[in-house]
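One letter stands for each residue in the lines below.
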Amino acid sequence: MEIRISGLQKSYGEHRVLDDFHAVIPWGKTTCIMGPSGCGKTTLLRILMGLEKADGGSVEGIPEKKSAVFQEDRLCFSLSAKTNIRLVCPRRDVAEIEEGLRKLGLYECMDQPVREYSGGMRRRTAVLRALCADWDILFLDEPLKGLDDEMKAVTAGYIRTQAAGKTVVCVTHDREDIELLGAGQVIQMNYRK
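What you are looking at is a predicted structure, and each value in this text was computed from that prediction instead of being measured.

A.B. asks: Sorry if this is basic, but what is going on with the confidence of the model for the chain here?
C.D. replies: Caution is warranted with low-pLDDT regions, since their predicted coordinates should not be read in detail. Scored by pLDDT, the chain has a mean of 94; 98% of the residues are at 70 or more. Least confident of the elements in the chain is strand E2 (residues 15–26), whose mean pLDDT is 93; most confident is strand E6 (residues 137–141), at 97.

Quick look at the structure:
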């Protein structure tokens, strides 16, 4: 099985972001979508997630159960990391959540409000929340941004372990992320002229 993107088109006013875009995303692997800022990577991801409608073309093979890490962390700042995750994943075993927090270096502060967290700590919380959800496809938009080299490696390793054999679509502009996430495929996007 695979996801087929055929002739995708999307414009914002006079600015065409996607023009006859085609791609095939295999099941069970990590696909990284690369390209410079502003070339349409996030727009493509939002269309695949069903959050935006394309002006033309088609997307086939997207499963219903989706999870995502957005460019913004989208956390409830007055709640703790553990509560943020439980809010989205109420059936997830608390011990599993706590183990994930430990592996991502957040265990000691898991009951603090995330407003007291650094940007990197919030990012890791958002990643863990997405991984704890029930999903068949995981969408990641710059999941490692704001992390130092050590935490990038730890977080990417955790994503690889938790998503092994599953379908992941990741937007990044950083070539290092491709290797860290173990991408089986890279789709290169460029600016529209």
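A.B. asks: Would you explain the environment of Gly38 in this entry?
C.D. replies: Secondary-structure assignment places Gly38 in the loop between strand E3 (30–34) and helix H1 (41–49). Overall, Gly38 belongs to the exposed group, its relative accessible area being 59%.

A.B. asks: So what exactly am I meant to see when it comes to the pattern of salt bridges here?
C.D. replies: Two side chains that carry opposite charge are able to pair once their charged atoms sit near each other. Going through the model one piece at a time under the given rule, you end up with 15 salt bridges. Salt-bridge contacts for Arg16 lead to Asp19; the nearest nitrogen and oxygen are separated by 3.2 Å. Linking Glu176 and Lys152 is a salt bridge whose minimum nitrogen-to-oxygen distance equals 3.8 Å. One end of the pair, Glu176, is in helix H6 (residues 175–181); the other, Lys152, is in helix H5 (residues 149–162), and 24 residues separate them in sequence. Linked by salt bridges that have partners in common, Lys152, Asp174, Glu176 and Asp177 make up one network.

A.B. asks: What is the right way to look at helix H2 (residues 81–88) in this model?
C.D. replies: Two residues of an α-helix separated by three or four positions point the same way, owing to the 3.6 residues in each turn. Of the residues making up H2, those classed as buried are Ala81, Lys82, Asn84 and Ile85. The arc that holds the buried residues of H2, viewed along the axis, is 165 degrees, so those residues lie on one side. For H2, the elements touching its buried residues are helix H3 (94–103) and helix H4 (119–132).

A.B. asks: Would you mind showing me how to read the sheet that holds strand E8 (residues 185–188) here?
C.D. replies: Working definition: the strands of a sheet are paired by backbone hydrogen bonds and lie parallel or antiparallel to each other. Pairing within the open sheet is parallel, and its 5 strands lie in the order E5-E6-E7-E3-E8. On the outer flanks of this sheet lie strand E5 (66–69) and E8, each paired with one strand and no other. On average, adjacent strands in this sheet sit at an angle of 15 degrees to one another, irrespective of strand direction. Summarising the sheet, E3 and strand E7 (residues 167–172) pair through 5 bridges and their orientation is parallel. Along E7, the bridge assignment pairs Met34 with Thr172.

A.B. asks: Could you clarify how one ought to interpret the packing of H4 against H5 in this entry?
C.D. replies: Between two packed helices, both the angle of their axes relative to each other and the distance between the axes serve to describe the pair. Two numbers describe how H4 lies on H5: the axes approach to 11 Å, and their chain directions differ by 5 degrees. One finds that H4 runs roughly parallel with respect to H5. On the side of H4, the interface is formed by Arg124, Val127, Leu128 and Leu131, while H5 contributes Met151, Thr155, Tyr158, Ile159 and Gln162. Of the residues that constitute the contact of H4 with H5, the class distribution is 6 nonpolar, 2 polar and 1 charged.

Parameters and conventions
Residues numbered from 1 in each chain as written. Predicted model: local features only at pLDDT ≥ 70, side-chain atom pairs only at ≥ 80, totals over all residues. Heavy atoms only, no water. pLDDT = per-residue confidence, 0-100. Helix = DSSP H or I, 4+ residues; strand = E, 2+ residues; numbered from the N terminus. Buried < 20%, exposed > 50% of the residue type's maximum accessible area, 1.4 Å probe, protein only. Salt bridge = Lys/Arg side-chain N within 4 Å of Asp/Glu carboxyl O. Arc of directions from axis to C-beta. Contact = heavy atoms within 4.5 Å. Pairing = 2+ DSSP bridges. Axes fitted to C-alpha atoms, helices over the stretch in contact; angles between N-to-C directions. Parallel < 35°, antiparallel > 145°, perpendicular 65-115°, else oblique. Nonpolar A, V, L, I, M, F, W, Y, C, P; charged D, E, K, R; others polar.

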